[in-house]
Every structure is written in C-alpha cells, then in structure tokens.
Amino acid sequence: MSNTATYNPASTWLDEPRAYRSVRTRRSLAFLVDYTIVLMLCVPAVFVIGLLGVLTLGLGWMLYAILFPLVALPYVTFTLGGASQATPGMRMFDLRLERLDGKPVDPALGAAHSILFWAAGALTSGFIVLVALFTPRKQLLQDLLLGTVVVRRG
C-alpha cells in the first residue's frame, strides 16, 4: 500500500475539508457586515417612507413596521441569488453559498434561505445557530432544508 493520495474524479470542492475551515467564524463576521450594510440602507428608506406617508395622508407610515425586512430581503435575495452567490459580507470573508446538486443559486433560493434563517431564529431565540456545531459541513438548519452549504471560495 502506498501513502499517496489517489485521484477521485467524482470528488469536488464540497468534499474537501479545507472548504469548511473557519466557515463558522467567517459566516458570523459576514452576517455582522451584511446587517450593518442593511441598517445603512434603511436610512434613506426612512426618508422615502416618510415622504410616502405624507403623500398618502399617513397610510404609508405603516411601512415603518416592516422597514428592516423590506430592505434586508431584497438585499439578501439578489446578492445570494446573483452571479457571485454571496452577499458583500460573505465576499469580504471569502465565502459563497453552494447548492449540493451543483446548480447555481437563484434569487428564489436566496430569499428562501433568508426567510428560513429569520423564521428559525425567531422560533428558537437564536439557538438555531448551534446546529452548525454538530453538522460535518457546518451547515445551519436552512442549509440542511434547502440542500445548500456555505464554503470558502476555492
């Protein structure tokens, strides 16, 4: 028997252990960066909703109740579902979202990923992130349900 590694053509980047090295830490930091950006994007939205409220005699001001999701959902949907398959925060920390079936991530999957993350977080008071401690690919619940994984760029 030899100690040399054999080439396996079926092996992909998703099978490499180094694809998941420090993903939990990087993912947490990327989350903080992304939601700082979302908060900054909320500032101009406050003024737009304020003007809309004046024009609609106060009805538009009800949008303040959903301001954060109104800004965050399109941000995550179109960045995760875009060509880079990563939000700006994920790109900053050299991460991307991959589908286990090898197909590209589309905006619908990006939206589902975000909605499931927030719903699971709300239902479990944030303890859902502990799932990543017990999965071999450091996946969260939404990753397991949607057949995705966050990896370092190869």
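Remember, predicted model here, so these are calculated numbers, not experimental data.

### Re the side chain of Arg96
For step 1, the next point in the chain: The topology assignment puts Arg96 in strand 1 (residues 95-99).
For step 2, the next point in the chain: Given the relative accessible area of 19%, Arg96 is considered buried.
For step 3, the next point in the chain: Polar side-chain contacts of Arg96 include one of 2.5 Å to the side chain of Glu98.
For step 4, the next point in the chain: When neighbours within four sequence positions are excluded, Arg96 is seen to be in contact with Ser84, Gln85, Ala86, Met90, Val149, Val150, Val151 and Arg153.

### Overview of the pattern of salt bridges
For step 1, the next point in the chain: On inspection of all chains with the given rule, the structure shows five salt bridges.
For step 2, the next point in the chain: One salt bridge in this structure joins Glu98 and Arg96, with 2.5 Å as the shortest N-O distance. Comparing Glu98 with Arg96 shows no difference in burial state: the two are buried.
For step 3, the next point in the chain: Of the charged contacts, one joins Asp101 and Arg99 as a salt bridge, the two residues approaching to 2.8 Å between their closest N and O atoms.
For step 4, the next point in the chain: Taking the relative accessible area as the measure of exposure, Asp101 reaches 47% and is therefore partly exposed.

### Some points on the pairing of strand 1
For step 1, the next point in the chain: Where burial is concerned, most of strand 1 is hidden: five out of the five residues are buried.
For step 2, the next point in the chain: Residues Leu95, Leu97 and Arg99 line one face of strand 1 and the alternating positions Arg96 and Glu98 line the opposite face, and both faces are buried.
For step 3, the next point in the chain: Both strand 1 and strand 2 (residues 148-152) contribute to a ladder of five bridges, which runs antiparallel. What sits directly across from Glu98, in strand 2, is Val149.

### Regarding a nonpolar patch on the surface
For step 1, the next point in the chain: Together, Leu29, Phe31, Leu32, Leu39, Phe68 and Trp118 give the surface a local cluster of nonpolar side chains, amounting to about 530 Å² of exposed area.
For step 2, the next point in the chain: Ranked by the residues each element gives to the nonpolar patch, the list is headed by helix 1 (residues 23-55), at four residues.
For step 3, the next point in the chain: Of note, Phe68 is situated in helix 2 (residues 67-80).
For step 4, the next point in the chain: Phe68 gets classed as partly exposed once you look at its relative accessible area, which sits at 30%.

Parameters and conventions
- Residues numbered from 1 in each chain as written.
- Predicted model: local features only at pLDDT ≥ 70, side-chain atom pairs only at ≥ 80, totals over all residues.
- Heavy atoms only, no water.
- Helix = DSSP H or I, 4+ residues; strand = E, 2+ residues; numbered from the N terminus.
- Buried < 20%, exposed > 50% of the residue type's maximum accessible area, 1.4 Å probe, protein only.
- Polar contact = N/O pair within 3.5 Å; in protein donor to acceptor, adjacent residues only side chain to side chain.
- Contact = heavy atoms within 4.5 Å.
- Salt bridge = Lys/Arg side-chain N within 4 Å of Asp/Glu carboxyl O.
- Pairing = 2+ DSSP bridges.
- Patch = residues over 30% accessible without salt bridge, like charges linked within 9 Å, V, L, I, M, F, W, Y side chains within 5 Å.
- Areas by Shrake-Rupley, 256 points an atom, 1.4 Å probe, with all protein chains shown as cover.

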